[in-house]
Structures are given as C-alpha cells and as structure tokens.
Amino acid sequence: MFNRSVPLQAFNFIDSTLREGEQFRGTHFSIDDKREIATLLDAFGVEYMELSTPVASPQSADAIRALADMPRKFKLLTHIRADRDDARLAVDCGVDGADVYIGTSTYMREYSHGKSLEQVIDIGQEIVAWLKAQGIETRFSTEDTFRSNFADVMTVYRAMDLAGVDRVGVADTVGIADPLRTYNLISNLREVVDCDIEFHGHNDSGCAVANAFCALQAGATHVDTTVLGIGERNGITPMGALIGRLYSYERALVDKYDLPLLAQIERVVAGKLGIEVPFNTPITGAVAFHHKAGVHTKAVLRNPTTYEAINPEDFGVTRYIDVAHRLVGRNAIRDRADSLGIDLADEAIRQVTLQVKSLADERQISLDDVDRMLGEALPVVD
Ligand code: HCA
Ligand code: CU
C-alpha cells in the first residue's frame, strides 16, 4: 500500500491560515495582514484559501470581501455552519465556495448541536442544494469524523454526494487518526462517493503530515494546510512539511508551486504571530540543512544527496557544514580552509583538525576559533 506505484490524484491545497490559523493562540490578523498573506500564498500557488466565517465578526466579513476583490488565482472559501443565514452572508461577501461543517460524532451530537443523524442529513442536503443553486462550490464535512460511527459517516457522505455536493470533508478534529486509519477511511469513502474528497488533520499526536499524505494516496483530492501548521491547539498539517513529504516522494508533484517563496511566507506569518520559525521546521528551519558529523560531512561535500532527500537550492535555502565541534573531520576542515582562501597541505589540515577536536573537548568552540587555528597553521610542505 505504501509503495511508490500508488498514484496520487491531482491534488489541491486548501490553505486555512486565515481560518484554522486564526484559531491559533495569539493570532490577530488585520485585513492588511490577511491581504499580504493571501498575496504571498497566491504567488506560491495554493489553489484555495479558506477564511473564517463572516458571521464571526464584522472584520471577518470585510476581510472576505477584501480578498474577493483582490486579483488572485486561488478560489476563495469560507467556513460556515450548516445554517442558511450563515450561507447567505457568505454568498453576499463574494466567496467562490463554502466549506460547510456539522459534527457527526456522538460527542458532537450529544454535547454540541444535539441533532440526530437524520436531522444532520436533512440540514446538510438543504444547505448543499441552496448553495449550489447560488452557483457556489460546496463542501460538506462531518466534523470529528474519526470518532464518528463509520456506517453513519458513510451514510451522510453518500447523501451529500447525491445532493450534488462538490466535495466531502474528512476531519480529524482532535488529532487521533493515524496513517493507516486515514488511508483505510479515505479509500472506503472513495468507493462510496463520486465527488472530491478533502482531508483536514490536527497534529495532537504528531501524525498530521503523514495522515494528509496517506489521505492523498488513498484518493483524497484536497488537503487542508496552514503556514507553519498553525491552528487550534498545536494546529494542523503544516504546508511546508507536506511539500517536503510530497517532494521526497516525487519531486514533480510540487513543481506547480513557487518553492523558493516558502521560507519568506513562513517568516512573514511567524513575524505577525511574534514567534520564530521553529528550528526544526522541515526545509526552512534553522537546522534543516545543517550537517555536523565528520562521516556525514565528508560524503555531503562530495555529493549532498548522500545525506539529503531534499535539495535546499530548490527552495532557495542554504546548506551549512558545521566545523566547530569535536566530531569534525578533515574534509570539512579542508572545505572551510578553501572557502577562506587558505591553502594548506594535508598534514597541516590534519594538525588543525586535531587541534579543533582537542579544544572542543575542553569547551564549546565557535567558527571563529576554527578560523583562527586555520589562519595560524603553518603551511606544511607535503
Ligand atoms: C473547527 C473544526 C474543524 C473543522 C474542519 C472542517 C475541525 O474549528 O470548526 O470543517 O473540515 O478540525 O474539525 O477545524
Ligand atoms: Cu480543525
């Protein structure tokens, strides 16, 4: 099932930085912020952007109108309850599509909206039919899908498909899904509906990227992502990490996106949130292409793909060979000397390498220490 012959559908990213991301701790996007983020994501090539419901506040509605009016290639969505008034306001704001949701888990049915399955289906069919009659691309999602009864959700999806919905949504609202369950649920659903399938996965147990990838392998057509994965609690599938996952599977899958923009988009969003891009973020994090161990650096200097699945140049970011530590090897010291324009014979390089290791055993050293030792080394004649 995980073999490379599994074809991935032509897939679409639904960026939810301005909806799910607004639910992240401390997020406060002004309309200008929203426009700036949307402009960058449009240039990157995301196919859809989802904004918070216009019912949330006047600014939320104004932001939808502002983005509806801007020049853009992405389709503009908003996320609404299965409610006619919410749907009417969404249409008035100029969206291309509506992401309708209603909970189907026993928790939601008991503690949230209190509706039976039959009522959920009736409400869903009615809202789908109304939105479609307004010419709106419509998605229907069963919130908390993985804690819902399997037969129930399949019944709901089938009913929505028959009602003419464009897309049904599978939501791992509390982040309990794993790749195998995701794959199984989506492939079963693929047999039940003809419409497109969207996956929305939270990262509470660290599986959001893997789940999104397996959803695509199983036949999902749309995946929800946010910049840096921001969202409710610890968020959802991060766009950059999913790009990395798809790239490592098959480079051509992400050719449609402007990859060198990724780092800038993440910096801009992080700046607005008052956070740093986390150091271990795939591709763009500070240590994403940091090589340290002597054995690794030797090989990387000869051919980077030995220890890299992703070429940093494709993303306009740089590789770093760390030489200031006790694990350093001669090849890395030679490479550092070359980049400083210091020409040393092999024996001198060997001596400096030993000196670096010995000093690094005594204390934490810096690149300046290494450079000083290289500068002071006597060019030994071979
Ligand atoms: C929410 C919940 C949601 C909805 C996802 C969807 C979730 O914040 O309203 O509509 O597909 O995780 O279930 O984000
Ligand atoms: Cu969510």
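Whatever comes next refers back to the structure up there.
The present account deals with the structure reproduced in this document. Only a predicted model underlies this, so the values are computations on that prediction, with no experimental measurement involved.

## Thoughts on the packing of aromatic side chains
Under the definition given, this model contains five aromatic pairs. Where Phe13 meets Tyr257, the ring centres are 5.1 Å apart and the plane angle is 25°; that geometry is what we call stacked. Linking Phe13 in strand 1 (residues 12-15) with Tyr257 in the loop between helix 9 (239-249) and helix 10 (262-273), this pair joins segments that are 244 residues apart in sequence. When sorted by exposure, Phe13 lands in the same class as Tyr257, which is buried. Seen in terms of ring centroids, Tyr247 and Phe315 are 5.6 Å apart; in terms of plane orientation they differ by 50°. Their pairing is tilted. Linking Tyr247 in helix 9 with Phe315 in the loop between helix 11 (294-302) and strand 10 (320-321), this pair joins segments that are 68 residues apart in sequence.

## Topic: the packing of helix 12 (residues 330-340) against helix 14 (residues 367-376)
The geometry of helix 12 relative to helix 14 is characterised by a closest axis approach of 11 Å and an angle of 75° between their N-to-C directions. Judged by the inter-axis angle, helix 12 sits roughly perpendicular to helix 14. Across from Ile333, Arg336, Ala337 and Leu340 in helix 12, the residues of helix 14 making contact are Leu367, Val370, Asp371 and Leu374. Counted by class, the contact of helix 12 with helix 14 contains six nonpolar, no polar and two charged residues.

## Topic: the environment of Leu8
Considering the arrangement of structural elements, one finds Leu8 in the segment before strand 1. What makes Leu8 buried here is its relative accessible area of 16%. Through-space distance from the C-alpha of Leu8 to that of His79 is 26 Å; in sequence the pair is 71 residues apart. Setting aside residues up to four positions removed in sequence, Leu8 forms contacts with Phe213, Leu216, Gln217, Leu246, Tyr249 and Leu253.

## Considering the side chain of Thr284
Assignment of secondary structure puts Thr284 in the loop between helix 10 and strand 9 (290-291). Given the relative accessible area of 17%, Thr284 is considered buried. For Thr284, the side chain forms a polar contact with the side chain of Glu266, separated by 2.3 Å. Discounting residues that sit within four places of it in the chain, Thr284 has contacts with Leu262, Ala263, Glu266 and Val277.

## Considering helix 6 (residues 150-162)
Over its 13 residues, helix 6 runs 18 Å from end to end, which matches the ideal 18 Å to within 8%, given 1.5 Å per residue. Among the residues of helix 6, Asp152, Val153, Met154, Val156, Tyr157, Ala159, Met160 and Asp161 are the ones counted as buried. The inward-facing, buried residues of helix 6 abut helix 4 (106-112), helix 5 (117-133), strand 5 (137-143), strand 6 (167-172) and helix 7 (179-192). Positioned one or two residues after helix 6, Gly164 has a phi angle of 95°, which is positive.

## So, the nonpolar core
A general trend in soluble globular proteins is that nonpolar side chains are found buried together. The biggest cluster of nonpolar side chains holds 94 residues, and the ones touching the most others in it are Phe44 and Leu246. When sequence neighbours within four positions are dropped, the list of residues in contact with Phe44 reads Met239, Ile243, Lys256, Tyr257, Asp258, Leu259, Leu261, Leu262 and Ile265. Of all hydrophobic cores here, the second largest spans 20 residues; its members include Val300, Ile333, Val356 and Ile365.

## Overview of the environment of Val254
Looking at the secondary structure, you find Val254 in the loop between helix 9 and helix 10. As for Val254 and Gly244, which are separated by 10 residues in sequence, their C-alpha atoms are 8.9 Å apart. The residues contacting Val254, other than those within four sequence positions of it, are Ile243, Leu246, Tyr247 and Leu259.

## As for the pairing of strand 2 (residues 48-51)
Residue alternation in strand 2 divides its side chains into two sets, Tyr48 and Glu50 and Met49 and Leu51, and both sets are buried. Across two bridges, the pairing between strand 1 and strand 2 is parallel. Across the sheet, Ile14 pairs through a bridge with Tyr48, a residue of strand 2. Here strand 2 pairs with strand 3 (residues 75-81) via four bridges, running parallel. In the sheet register, Tyr48 faces strand 3, and the bridge partner there is Lys75. Read as a crossover between parallel neighbours, the route from strand 2 over helix 2 (residues 58-69) to strand 3 is right-handed.

## A few points about the side chain of Arg139
If you trace the backbone, Arg139 turns up in strand 5. Among the polar contacts made by the side chain of Arg139, one reaches the side chain of Glu198 at a distance of 3.0 Å.

## Digging into the site of ligand 1
Looking at ligand 1, the residues that line it are Arg19, Glu20, Gln23, His79, Tyr101, Arg139, Ser141, Glu143, Ala171, Thr173, His200 and His202. Residue Arg139 places a side-chain N or O atom 2.8 Å away from an oxygen atom belonging to ligand 1. In the model, an oxygen atom of ligand 1 is placed 3.0 Å from a nitrogen or oxygen of the His200 side chain. Within the complex, the protein chains bury 92% of what would otherwise be the 360 Å² of accessible surface of ligand 1. It is strand 5 that contributes the most residues to the shell around ligand 1, three residues altogether. A breakdown of the residues in the shell around ligand 1 according to their chemical character gives two nonpolar, six polar and four charged.

Criteria and cut-off values
Residues numbered from 1 in each chain as written. Chains lettered and ligands numbered in written order. Predicted model: local features only at pLDDT ≥ 70, side-chain atom pairs only at ≥ 80, totals over all residues. Heavy atoms only, no water. Phe/Tyr/Trp six-rings, centres within 6.5 Å; stacked < 30°, edge-to-face > 60°. Helix = DSSP H or I, 4+ residues; strand = E, 2+ residues; numbered from the N terminus. Buried < 20%, exposed > 50% of the residue type's maximum accessible area, 1.4 Å probe, protein only. Axes fitted to C-alpha atoms, helices over the stretch in contact; angles between N-to-C directions. Parallel < 35°, antiparallel > 145°, perpendicular 65-115°, else oblique. Contact = heavy atoms within 4.5 Å. Nonpolar A, V, L, I, M, F, W, Y, C, P; charged D, E, K, R; others polar. Polar contact = N/O pair within 3.5 Å; in protein donor to acceptor, adjacent residues only side chain to side chain. Expected span 1.5 Å × (residues − 1). Core = buried A, V, L, I, M, F, W, Y, C linked by side-chain atoms within 4.5 Å. Pairing = 2+ DSSP bridges. Right-handed = clockwise from strand over helix to strand, strands pointing away. Near = heavy atom within 4 Å. Areas by Shrake-Rupley, 256 points an atom, 1.4 Å probe, with all protein chains shown as cover.

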